[in-house]
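Each chain, letter by letter, is given below.
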Amino acid sequence: YLERDESGSIAQQNNHAKITAQFFEKNESASTAEQNNKARIASLSKLLPAPVFINSVIQPLSHIHPGFIRINGWPGFLKMPLVEAAAASPDTGKKAEEIFGHQIRLVKDIPGLVTPRIISMIINEARITFSAGTSTREEIDTAMTLGTGYPFGPFEWEERIGAKRIRKIVDGI
């Protein structure tokens, strides 16, 4: 995350490797996670050329499979009127549009997509505001839900999405 230092400047704190290591120690080794991902991708690849939609906000298709369609399935986003998605080719994008019609918005296939990147930065700024003692978490959540119409405040969203996912996007993946 980004935090303000004593002079008020923003200083980046890169604890990504430390957090990732702790995550794998508690859950599974990095090699086991990689093997599981490869197995899932191989299984899903068998469904092609039918459209294969995956909830992969952080990893672009170049790291997964170019035949898949990525969607933003983070908590709260699938209830919005538009589904944010990325496709590696125009043909795959057409398939997604044929299924969803005007309810899908294709965006560039970049890490984090678009909306999750913006929400992650808002969550990060909310953390800075809270750390500075400007307001409580509850007040920040209330202000954001009432002021923006978002379904959740930044801290509630962070709890639902997961701090590790937010950190990956804020740290530039």
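Fair warning: this is a prediction, and the values are worked out from it, not measured in the lab.

**Q** Tell me about the overall build of the protein, and name the residues and values.
**A** In terms of regular secondary structure, the protein is built from seven helices and six strands. Traced from its N-terminal end to its C-terminal end, the protein shows the element sequence β-β-α-α-β-β-β-α-β-α-α-α-α. Among the 173 residues that make up the protein, the fraction classed as buried is 30%. Pairs at least 24 apart in sequence give 48% of the contacts found in the protein among residues at least 6 apart. Looking at the protein as shown, the accessible area adds up to about 10400 Å², and 53% of this sits on carbon and sulfur atoms.

**Q** So what about the packing of aromatic side chains? Which residues, and what values?
**A** Considering all chains together, one arrives at five aromatic pairs under this definition. When the centroid spacing of 5.9 Å and the interplanar angle of 70 degrees are considered together, the rings of Phe 130 and Phe 155 count as edge-to-face. Pair noted here: Phe 130 is in helix α4 (residues 115-131) and Phe 155 is in helix α6 (residues 154-161), with a separation of 25 residues, a long-range link. Summarising the aromatic geometry, the rings of Phe 152 and Trp 157 are spaced 5.6 Å apart at their centres and angled 75 degrees between planes, so their arrangement reads as edge-to-face. By relative accessible area, Phe 152 is classed as buried at 11%. Following the ring pairs from residue to residue traces out a cluster consisting of Phe 77, Tyr 150, Phe 152 and Trp 157. Arg 137 extends its terminal NZ or CZ atom over the ring of Phe 130, reaching a point 4.8 Å from the ring centre.

**Q** So what about the sheet that holds strand β5 (residues 83-87)? Which residues, and what values?
**A** What the four strands build is an open sheet, ordered β3-β4-β5-β6; its pairing is mixed. The sheet is open, and its two edges are formed by β3 (53-55) and β6 (104-106), each paired on a single side. On average, adjacent strands in this sheet sit at an angle of 35 degrees to one another, irrespective of strand direction. As defined by bridge partners, β5 adjoins β6 across three bridges and the pair is classed as parallel. Each residue of the ladder has a partner; that of Ala 85, found in β6, is Leu 106. Where helix α3 (residues 90-100) meets the sheet, it contacts β3, β4 (69-71), β5 and β6, and its direction lies at approximately 165 degrees from that of β6.

**Q** I'd like to hear about the confidence of the model for the protein, residue by residue, with values.
**A** Note that predicted coordinates carrying low pLDDT should not be read in detail. Residue-level pLDDT values for the protein average 84, and 82% of them are 70 or greater. Overall, residues 1-26 carries pLDDT values under 50, and its contacts beyond four positions in sequence, including any with other chains, amount to 40 contacts.

Basis of the calculations
Residues numbered from 1 in each chain as written. Predicted model: local features only at pLDDT ≥ 70, side-chain atom pairs only at ≥ 80, totals over all residues. Heavy atoms only, no water. Helix = DSSP H or I, 4+ residues; strand = E, 2+ residues; numbered from the N terminus. Buried < 20%, exposed > 50% of the residue type's maximum accessible area, 1.4 Å probe, protein only. Contact = heavy atoms within 4.5 Å. Areas by Shrake-Rupley, 256 points an atom, 1.4 Å probe, with all protein chains shown as cover. Phe/Tyr/Trp six-rings, centres within 6.5 Å; stacked < 30°, edge-to-face > 60°. Lys NZ or Arg CZ within 6 Å of the ring centre and 35° of its normal. Pairing = 2+ DSSP bridges. Axes fitted to C-alpha atoms, helices over the stretch in contact; angles between N-to-C directions. pLDDT = per-residue confidence, 0-100.

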